[in-house]
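Chain by chain, the residues:
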Amino acid sequence: LTPMPELMETLYTRDDVLMECHIGGCTPKWEIHRPRREDLLEISSAFGNAEWLLHHALSYGYRPALCGCSDLHMGLLGGPRTLEPGRGRFYNYLRQRDAAYGTGPLTAVRCEALTRDSLFAALKSRRTYATNGPRMVLDVLLNGAEPGQELPESDSYAFSLSCAGTEPIRKVAVIS
């Protein structure tokens, strides 16, 4: 087995590796362990939403791309946690799962083309957002800049948002 410090040292230097912090299990202890990179941050999962984790990451100087994941480990894109046998809000009572395939959290990536290189470049550039179930398409600009870009401080900002969803949109939160 490779010791963790050696593994991390090897991975941190590679441009073809993304480091992800996810909300399942234990939350990150950045006050104790400060990795040099946190490329992706899961703020939506089958276990719930963790926007507070983004605030926490920003307070430590990380500027991660956002992602949403099902935490299924079954290779099912957007699958809800309830697809696993014995899971689901009502499984213990009804002995059936309560959610349909494709309703779980997803990562949306704004990329130039649907190619491996374009997706990877968009993830590294932080052009992402996470959905927690209902699908949506966002177009967000701040002073003409796309999500993931860093801007100089200004006395005023021009914010533009276009949002189309598959369900009624109750709230849009902007975290900076």
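Values in this document were obtained by computation on a predicted structure and should not be read as measured data.

Chemist: So what about helix α4 (residues 116-124)? Which residues, and what values?
Modeler: Taken together, the buried positions of α4 are Ser118, Ala122 and Leu123. Buried residues along α4 cover an arc of 135° about the axis, so they all sit on one side. Among the exposed residues of α4, those oriented more than 90 degrees off its buried face are Arg116 and Asp117. Arg126 sits one or two residues past α4 and shows a positive phi near 65°.

Chemist: Mind laying out the environment of Pro147, listing which residues take part and the relevant values?
Modeler: Locating Pro147 in the fold gives a position in the loop between β7 (136-142) and β8 (159-165). Owing to a relative accessible area of 26%, Pro147 belongs among the partly exposed residues under this scheme. Distance from Pro147 to Thr128, taken between C-alpha atoms, is 7.2 Å for residues 19 residues apart in sequence. Residues contacting Pro147, with those up to four places away along its chain left out, are Ser125, Arg126, Arg127 and Val140.

Chemist: How would you explain the nonpolar core if you had to name every residue and give the values?
Modeler: Where a protein is soluble and globular, its nonpolar side chains tend to be buried together. Formed by Cys21, Trp30, Leu41, Ile43, Ala50, Leu53, Leu54, Ala57, Tyr62 and Leu66, the largest nonpolar core amounts to 10 residues. Within the residue set of this core, elements represented by two or more residues are β2 (40-45) and α2 (51-59). Among the elements that make up this core, the one with the highest residue count is α2 (3 residues). Discounting residues that sit within four places of it in the chain, Trp30 has contacts with Cys21, Pro35, Glu38, Leu41, Leu53, His56, Ala57, Tyr60 and Tyr62.

Chemist: Could you give an account of the pattern of salt bridges, naming the residues involved and the relevant values?
Modeler: For the structure on display, the rule yields 7 salt bridges. Asp139 is paired through a salt bridge with Arg110; the nearest N and O atoms lie 3.5 Å apart. A residue pair is termed long-range when its members are at least 10 positions apart, and Asp139 in strand β7 and Arg110 in the loop between β5 (106-109) and α4 qualify at 29 residues. Several salt bridges converge on common partners, so that one network encompasses Arg37, Asp39 and Lys124.

Rules and cut-offs
- Residues numbered from 1 in each chain as written.
- Predicted model: local features only at pLDDT ≥ 70, side-chain atom pairs only at ≥ 80, totals over all residues.
- Heavy atoms only, no water.
- Buried < 20%, exposed > 50% of the residue type's maximum accessible area, 1.4 Å probe, protein only.
- Helix = DSSP H or I, 4+ residues; strand = E, 2+ residues; numbered from the N terminus.
- Arc of directions from axis to C-beta.
- Contact = heavy atoms within 4.5 Å.
- Core = buried A, V, L, I, M, F, W, Y, C linked by side-chain atoms within 4.5 Å.
- Salt bridge = Lys/Arg side-chain N within 4 Å of Asp/Glu carboxyl O.

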